[in-house]
Amino acid sequence: QPVTVEVGLGDRAYDILIGSGLLLRAGEEISRRLPGTRAAVVTDENVAAAHLDTLKAGLEKGGIQPTVITMPPGEKTKSFAHLEAVVDGILAARLERGDVVIALGGGVIGDLTGFAAGIVRRGMNFVQIPTSLLAQVDSSVGGKTGINSPRGKNLVGVFLQPKLVLADTEVLDTLPVREFRAGYAELAKYGLIDRPDLFAWLEANWEKVFAGGPERAQAIAEACRAKADVVARDEFETGDRALLNLGHTFGHALEAATQYDGARLVHGEGVAIGMALAHRFSSRLNLASPDDAARVEAHLSAVGLPWRMSDIPGDLPDAEALLAFITQDKKVSRGALTFILTRGVGQAFIAKDVPASEVLSFLRESH
Ligand code: NAD
Ligand code: ZN
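Residues numbered from 1 in each chain as written. Chains lettered and ligands numbered in written order. Predicted model: local features only at pLDDT ≥ 70, side-chain atom pairs only at ≥ 80, totals over all residues.

Undergrad: Would you mind showing me how to read the UniProt feature "domain: 3-dehydroquinate synthase N-terminal" (unreviewed entry) in the chain here?
TA: Following the UniProt record, the feature "domain: 3-dehydroquinate synthase N-terminal" (unreviewed entry) maps to residues 69–181 here. Counted over residues 69–181, helix gives 34% and strand 25%. Its end C-alpha atoms are 28 Å apart. (UniProt positions renumbered as here; feature names shortened; annotations may be inferred. Helix = DSSP H or I, 4+ residues; strand = E, 2+ residues; numbered from the N terminus.)

Shown next, in the form of structure tokens:
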């Protein structure tokens, strides 16, 4: 039996189901909530090769024969050109507003597909079937969708909550270990934000989470509860939800600095380095103890994640150039830098007005 976590958003509340074998139940779960709908499935080539047939069989059981739209894999797919292709595919299938657009894939497919579902016919029904660990613990929940601009990550998009999230833990068996690790960074993030017990549990149990079995599903469910909590409190990120950006200001700058080249750095790896830097920076500002920074670095390193800039292959631009990427990040308001800093493991907070000069000297020192 799957675990159900509800995202409490009043009349837009929805369920996240977490468990194995959910692809085969997709038709039943979707048609129960959205009876009589037609569907488009958007996916990428890797996921299609491994899981599309299973999903189609599952949809068939609910009487759904979807139109399939397949994109190339990778961060570069979050672009205007690919958005246009998805929009065109949905329109070509003659789907109506009440029909459903299903994202089958990682965060890239989820973000792109959700945005398309949000703008075609001014908003269609949307269902997330996340297939990467990152998407299962983070991006499929909460309604943030969008694409990248050459000027930065995630700068164009809409909020569109899904009607249902199906996190089938079995599909993670085909996920490359590097991608599993990258998703693990976002999982550890919830511990570092405000769940110190979760972080300590992960320090003791991470190998079981990687191996599969009950600890994996348990960790994913815990992460979904953490995310659902924050989203229900602050759907549109006017407050607390910004805590989920822990590690992302540095992380996004590093992704931009490596031209979104997944061969060098994928999103979750950028977040891992970003979280380590956020702890080190907090300790440098005398907000947190250096022991906390060392503890975070040690854990990321133990699971095999990169945690410092020198772990990124190839040359990085200098500290000034990295700062320029940071000041272009959307979390900058009126010239002041907003950072998620911490007083220790599980004690993150939103710091407004962080002086750019402090960031610059920290970047010089960490380079
Ligand atoms: P991704 O979608 O590129 O997936 C990673 C890789 O794994 C891809 O090559 C994909 O083809 C492959 N893959 C996925 N599932 C697989 C499976 N089951 N078997 C085999 N291969 C599989 O990247 P991601 O790490 O899932 O997501 C990163 C994206 O998510 C970034 O663009 C980030 O900005 C976004 N994100 C969004 C939110 C949000 O709230 N919307 C939150 C966090 C991250
Ligand atoms: Zn992220």
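Undergrad: Looking at this model, I keep getting lost on the packing of helix α10 (residues 267–284) against helix α11 (residues 290–303). Mind explaining?
TA: When two helices pack together, their arrangement is given by the angle between their axes and by how far apart the axes lie. Relative to each other, α10 and α11 sit at 165°, their axes nearing to 8 Å. With respect to their mutual orientation, α10 and α11 come out roughly antiparallel. Judged by the sense of rotation from one axis to the other, the crossing of α10 with α11 is left-handed. Contacts between α10 and α11 involve A272, M275, A276, H279, R280 and S283 on the former and, on the latter, P290, D292, A293, V296, E297 and L300. Looking at the contact of α10 with α11 residue by residue, the classes come out as 7 nonpolar, 2 polar and 3 charged. (Axes fitted to C-alpha atoms, helices over the stretch in contact; angles between N-to-C directions. Parallel < 35°, antiparallel > 145°, perpendicular 65-115°, else oblique. Left-handed = near helix turned anticlockwise from the far one by under 90°. Contact = placed C-beta atoms within 7 Å. Nonpolar A, V, L, I, M, F, W, Y, C, P; charged D, E, K, R; others polar.)

Undergrad: Explain the domain arrangement of the chain to me, please; I cannot follow it from the model alone.
TA: When the parts of a complex come together, some accessible area is lost, and that lost area is often used as the size of the interface. One can read the domain layout of the chain as domain 1 (3–175) and domain 2 (178–366). Domain 1 and domain 2 are separated by 25 Å when their C-alpha centres are compared. On the domain 2 side, the residues contacting the 33 residues of domain 1 number 31 residues. Counting only elements with at least two residues in the side of domain 1 that touches domain 2, the list comes to β1 (3–7), β2 (14–19), α5 (133–139) and β8 (152–156). If you tally residues by element for the side of domain 1 that touches domain 2, the top one is α5, at 5 residues. Class assignment for the residues of the side of domain 1 that touches domain 2 results in 15 nonpolar, 11 polar and 7 charged. (Domains from an automatic or database assignment.)

Undergrad: Explain the site of ligand 1 here, please?
TA: Close to ligand 1 lie 32 residues, the nearest being N46, G106, G107, S132 and S139. Elements that contribute at least two residues to the shell around ligand 1 include exactly α2 (45–61), α4 (107–119), α5, α6 (177–194) and α10. Taken together, the residues that form the shell around ligand 1 break down as 12 nonpolar, 13 polar and 7 charged. (Near = placed C-beta within 6 Å.)

Undergrad: Honestly, unusual backbone geometry in this entry has me stumped. Any pointers?
TA: With the exception of glycine, most residues fall at negative phi, and the peptide bonds are largely trans. A positive phi angle, close to 60°, is found at R122, a residue other than glycine. Along the chain, R122 falls in the loop between α4 and β6 (125–130).

Undergrad: Explanation requested: the pairing of strand β11 (residues 348–354) in the structure shown.
TA: Within a regular strand, side chains alternate between the sheet's two faces. Pairing analysis gives 5 bridges linking strand β10 (residues 337–342) to β11, with the strands arranged antiparallel. Bridge pairing links F339 to A351 in β11. If you look at the hairpin formed by β10 and β11, you'll find 5 residues sitting between the two strands, and G344 has a positive phi there, around 150°. (Pairing = 2+ DSSP bridges.)

Undergrad: Before we go on, may I ask you to explain the environment of R25 in this structure?
TA: Counting through the fold element by element, R25 comes out in the loop between β2 and α1 (26–33). As for R25 and V42, which are separated by 17 residues in sequence, their C-alpha atoms are 18 Å apart.

Undergrad: For this particular structure, what's the right way to read the nonpolar core?
TA: Within soluble globular proteins, side chains that are nonpolar generally end up buried alongside one another. Core analysis: the largest hydrophobic core is formed by 111 residues, its most contacted members being V101, I102 and C224. Considering every element that reaches this core, the biggest residue donor is helix α8 (residues 214–233), with 10 residues. Each of domain 1 (3–175) and domain 2 (178–366) contributes no fewer than three residues to this core. Apart from residues no more than four positions distant in its own chain, V101 is found in contact with A40, V42, I90, T113, A116, A117, M124, N125 and F126. (Core = buried A, V, L, I, M, F, W, Y, C linked by C-beta atoms within 7 Å. Buried ≥ 20, exposed ≤ 12 C-beta atoms within 10 Å, placed from the backbone.)

Undergrad: What's the story with the pairing of strand β3 (residues 39–44) in this structure? I'm lost.
TA: Taken across its 6 residues, β3 has 6 buried, putting it largely inside the fold. Both faces of β3 are covered, namely the face carrying A39, V41 and T43 and the face carrying A40, V42 and D44. Relative to strand β5 (residues 100–105), β3 runs parallel, the two being bridged by 5 bridges. Directly across from A40, in β5, lies its bridge partner V101. Chirality of the crossover, the property in question, places the unit of β3, α2 and strand β4 (residues 67–71) among those that are right-handed. (Right-handed = clockwise from strand over helix to strand, strands pointing away.)

Undergrad: I tried to follow the sheet that holds β5 on my own but got confused; where do I start?
TA: Adjacent strands of a sheet form backbone hydrogen bonds with each other and so pair up, either parallel or antiparallel. Across the sheet, which stays open at both edges, the 7 strands sit in the order β1-β2-β9-β6-β5-β3-β4 with mixed pairing between neighbours. With partners counted over all chains shown, the strands left at the sheet margins are β1 and β4, one partner each. With strand direction ignored, the average angle separating the axes of adjacent strands in the sheet is 15°. Examined bridge by bridge, β3 and β4 share 5 bridges and lie parallel to one another. Among the inter-strand pairings, A40 is bridged to a residue of β4, identified as T67. Contacts from α2 reach β3, β4, β5 and β6, with the element oriented near 155° to β3. Relative to the sheet, α4 contacts β3, β4, β5 and β6, its axis offset from that of β5 by approximately 170°.

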